[in-house]
Amino acid sequence: MNDQGFSRRSALRAAGVAGAGLGIGSMSTPSAFASAQGVEAEAGVGSEAGAAPAAPPRRGETMIGVPFEGRGTIRIGIIGLGQRGGSMIDLYLALEGVRVVALCDPVREKAERAAKKVTDAGQPAPALYTKGDHDFEKLCERGDLDFVYVATPWDWHFEMAKAAMKGGKHVGVECPVALELDQLWELVDLSERTRRHCMQLENCAYGQNEMRVLRMAHEGLFGDLLHAAGAYLHDLRGLMFDPDYYEGPWRRLWHTRLRGDLYPNHGFGPAANYMDINRGDRAVRIATFGSPSLGLAAYREQNMPPGHESWKESYIESDLSISLVQTAKGRVIRLEHGVSNPHPYSRLNILGGTKGVFEDYPPRIYLEPDMSGDEWGDFAKYEKWDHWLWKEHADPPGGHGGMDYIMLFRLIQCMRLGLIPDFDVYDAATWTSPVPLSHASIKAHGAPQRIPDFTRGLWEKERGGVDSEKPEG
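Quick caveat, the model's predicted, so the values are computed rather than measured.

Cut-off values and rules
Residues numbered from 1 in each chain as written. Predicted model: local features only at pLDDT ≥ 70, side-chain atom pairs only at ≥ 80, totals over all residues. Heavy atoms only, no water. Helix = DSSP H or I, 4+ residues; strand = E, 2+ residues; numbered from the N terminus. Buried < 20%, exposed > 50% of the residue type's maximum accessible area, 1.4 Å probe, protein only. Contact = heavy atoms within 4.5 Å. Salt bridge = Lys/Arg side-chain N within 4 Å of Asp/Glu carboxyl O. Disulfide = S-S within 2.5 Å. Axes fitted to C-alpha atoms, helices over the stretch in contact; angles between N-to-C directions. Parallel < 35°, antiparallel > 145°, perpendicular 65-115°, else oblique. Nonpolar A, V, L, I, M, F, W, Y, C, P; charged D, E, K, R; others polar. Pairing = 2+ DSSP bridges. Expected span 1.5 Å × (residues − 1). Arc of directions from axis to C-beta. Right-handed = clockwise from strand over helix to strand, strands pointing away.

1. Some words on the environment of His227
Reasoning step 1: Take His227: it is sitting in strand β7 (residues 225-233).
Reasoning step 2: You can call His227 partly exposed: its relative accessible area is 35%.
Reasoning step 3: When the C-alpha positions of His227 and Val332 are compared, they lie 4.8 Å apart, and in sequence the two are 105 residues distant.
Reasoning step 4: Ignoring any residue separated from it by four or fewer positions in sequence, one finds His227 in contact with Met275, Val332, Ile350, Leu351, Gly352 and Val357.

2. Examining the pattern of salt bridges
Reasoning step 1: On inspection of all chains with the given rule, the structure shows 29 salt bridges.
Reasoning step 2: Residue Arg75 is joined to Asp146 by a salt bridge in which the shortest nitrogen-to-oxygen separation is 2.9 Å. Taken as a pair, Arg75 in strand β1 (residues 74-79) and Asp146 in the loop between α5 (136-141) and β4 (147-150) lie far apart in primary sequence, 71 residues in all.
Reasoning step 3: Here Asp422 makes a salt bridge to Arg410, at a shortest N to O gap of 3.1 Å. A residue pair is termed long-range when its members are at least 10 positions apart, and Asp422 in the loop between α14 (403-417) and α15 (425-432) and Arg410 in helix α14 qualify at 12 residues.
Reasoning step 4: A relative accessible area of 3% places Arg410 in the buried class.
Reasoning step 5: Bridged by salt links that share partners, the residues Arg58, Asp189, Glu192 and Arg456 form one connected network.

3. Some points on the state of the cysteines
Reasoning step 1: Counted by the stated rule, this structure contains zero disulfides.
Reasoning step 2: Considering cysteine sulfurs only, Cys175 is the nearest to Cys204, which forms no disulfide, with 7.5 Å between them.

4. Topic: the packing of α15 against helix α16 (residues 434-443)
Reasoning step 1: Packing of α15 against α16 leaves a shortest axis separation of 6 Å and a crossing angle of 25°. With respect to α16, the element α15 is oriented roughly parallel. Only Pro434, Val435 and Pro436 of α16 make contact with α15, whose side of the interface consists of Thr430, Trp431 and Thr432.
Reasoning step 2: Grouping the amino acids of the contact of α15 with α16 by side-chain chemistry returns four nonpolar, two polar and no charged.

5. Quick word on the sheet that holds β7
Reasoning step 1: Here we have eight strands laid out as an open sheet, ordered β13-β12-β11-β7-β10-β9-β8-β14, and mixed in their pairing. The sheet is open, and its two borders are formed by β13 (364-367) and β14 (449-450), each paired with just one other strand.
Reasoning step 2: Alignment of β7 against strand β10 (residues 332-338), held across seven bridges, turns out to be parallel. By the bridge assignment, Tyr232 is partnered in β10 with His337.
Reasoning step 3: On the sheet, α16 packs against β8 (283-290), β9 (321-327), β10 and β14 and is oriented at approximately 55° with respect to β8.

6. Quick look at unusual backbone geometry
Reasoning step 1: The residue after Cys175, namely Pro176, is reached through a cis peptide bond having omega -15°.
Reasoning step 2: In the segment running from Glu368 into Pro369, the intervening peptide bond is cis, with an omega of 5°.
Reasoning step 3: Even without a glycine there, the phi angle at Glu247 is positive, about 50°.
Reasoning step 4: Relative accessible area serves as the criterion here: at 39%, Glu247 is assigned to the partly exposed category.
Reasoning step 5: Even without being glycine, His445 reaches a positive phi, approximately 60°.
Reasoning step 6: Positionally, His445 belongs in the loop between α16 and β14.
Reasoning step 7: Assessed through its relative accessible area of 73%, His445 is described here as exposed.

7. Here we look at α14
Reasoning step 1: When the terminal C-alpha atoms of α14 are compared, their 21 Å separation across 15 residues agrees well with the 21 Å that a helix rising 1.5 Å per residue should span.
Reasoning step 2: Burial analysis of α14 places 13 of its 15 residues in the buried class, which makes it a mostly covered element.
Reasoning step 3: Taken from the residues just after α14, Gly418 is the one with a positive phi, measuring 75°.

8. Here we look at helix α12 (residues 295-303)
Reasoning step 1: Along α12, the positions that sit buried rather than exposed are Gly295, Leu296, Tyr299 and Arg300. Projected down its long axis, α12 carries its buried residues within an arc of 135°, all on one side. More than 90 degrees from the buried face of α12, the exposed residues found are Glu301 and Gln302.
Reasoning step 2: Structurally, α12 contributes buried residues whose contacts are with α9 (237-240) and α10 (250-253).

9. Some details on the sheet that holds β4
Reasoning step 1: In space, the six strands of this open sheet follow the order β3-β2-β1-β4-β5-β6, with parallel pairing throughout. Every other strand in the sheet has two partners, leaving β3 (127-129) and β6 (198-200) as the edge strands with one partner each. When the angles between neighbouring strand axes are averaged without regard to direction, this sheet yields 25°.
Reasoning step 2: Taken together, the six bridges between β1 and strand β2 (residues 98-104) define a ladder with parallel strand orientation.

10. Focus: the pairing of β4
Reasoning step 1: Taking every second residue as pointing to the same face, both faces of β4 are buried, with Phe147 and Tyr149 on one and Val148 and Val150 on the other.
Reasoning step 2: Pairing between β1 and β4: four bridges, direction parallel. In the strand pairing of β4, Ile79 is matched with Val150.
Reasoning step 3: In this sheet, strand β5 (residues 170-173) lies alongside β4 in parallel orientation, the contact comprising four bridges. Looking across to β5, one finds that Phe147 is bridged to His170.
Reasoning step 4: Tracing the backbone out of β4, into helix α6 (residues 157-166) and back to the parallel element β5 gives a crossover that is right-handed.

This is the structure we're talking about:
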């Protein structure tokens, strides 16, 4: 089908424009972990993961298909002004119709530096919340905020997302949105009860290559989809031992607590979009295997002086974890996580179907009938399939190749125009669920773990998502 053709996905995109688990301390008991999952037992999934109880009863109406209210100016509060939050504020200030009203960080100097960026942009001085770790609660109680952005260490994401929704605000959270299954269910329930959106701000879903592949997949160029892969392969050894970059050892300490995929969202989010997870298909189970944990200890041996705080740490996180996720339609998604060994940065980003395959890092493609033999094709020749966001913003500002800006532009556009967000709390919970479940699977020697149906049965309904049409106005 050519670029101007009509398809089922085109219709869905146009319609879109119109419009519980255990704590970390219990993870050492895989059987208890699996039996406590609030997940609906499914026929055909297999018995390896055990019979799981039904999902918790819904306490509010679904947030699927719920649009933002629509308003000319979006008033924002930002919690966390370190490496991520301190740079993302520049992109918020570059967007039309955004006012940064409040800032929170326990390090007052960081809040003051960010506040200067706000006033330098010609906006009124924002309120500052710097009185300890829990001052974010007062920010979330303000009556003049529409959206709260959370960019803090992972340990705080869940509590901050809760506080924002309870305070009547929509909330966007950096990866991962939470770290335990019961926390994910609580965020789903709270979003439904408060009628506030809770979103995993997954920037990789807005990468140029990811969005091009998404459109091509939905227009049928890959045929029937069969498999996908995504990863976070990034040598973080130096950064994890840098006391300034992560402001202490918080990220390194997660390698002493869990064995599985600590950061699945960058790979899982785009792959889930390709396969319409929660929009006609769903992820039903995950099996994970992990390598020995050697990389951080070896780095410490070579680089850390005697007496450094890290010598008290025992690392259990697999240097490489490999997960296989199976969907209700029988398709397979491979996820990998490795941050403790030498490796060039890669998210894998693979999609295969009955007509061909795309593989990233470097980008290459093989599609029938365009190609034959053993030579890869030139992915650049498929630029006509770029998403309208990338056609409209060919050279976006900001880091990560511009995907951060594209993500925020689209978020603010949806909020201002009163559109349905591209992804919701059900996506956030699904994309994050491999964090606890991969750990449980490794502890159970690779036994599959059931992935909860956070939509409570509504995944079977086709609906729009990141593959959107350009709105009018």
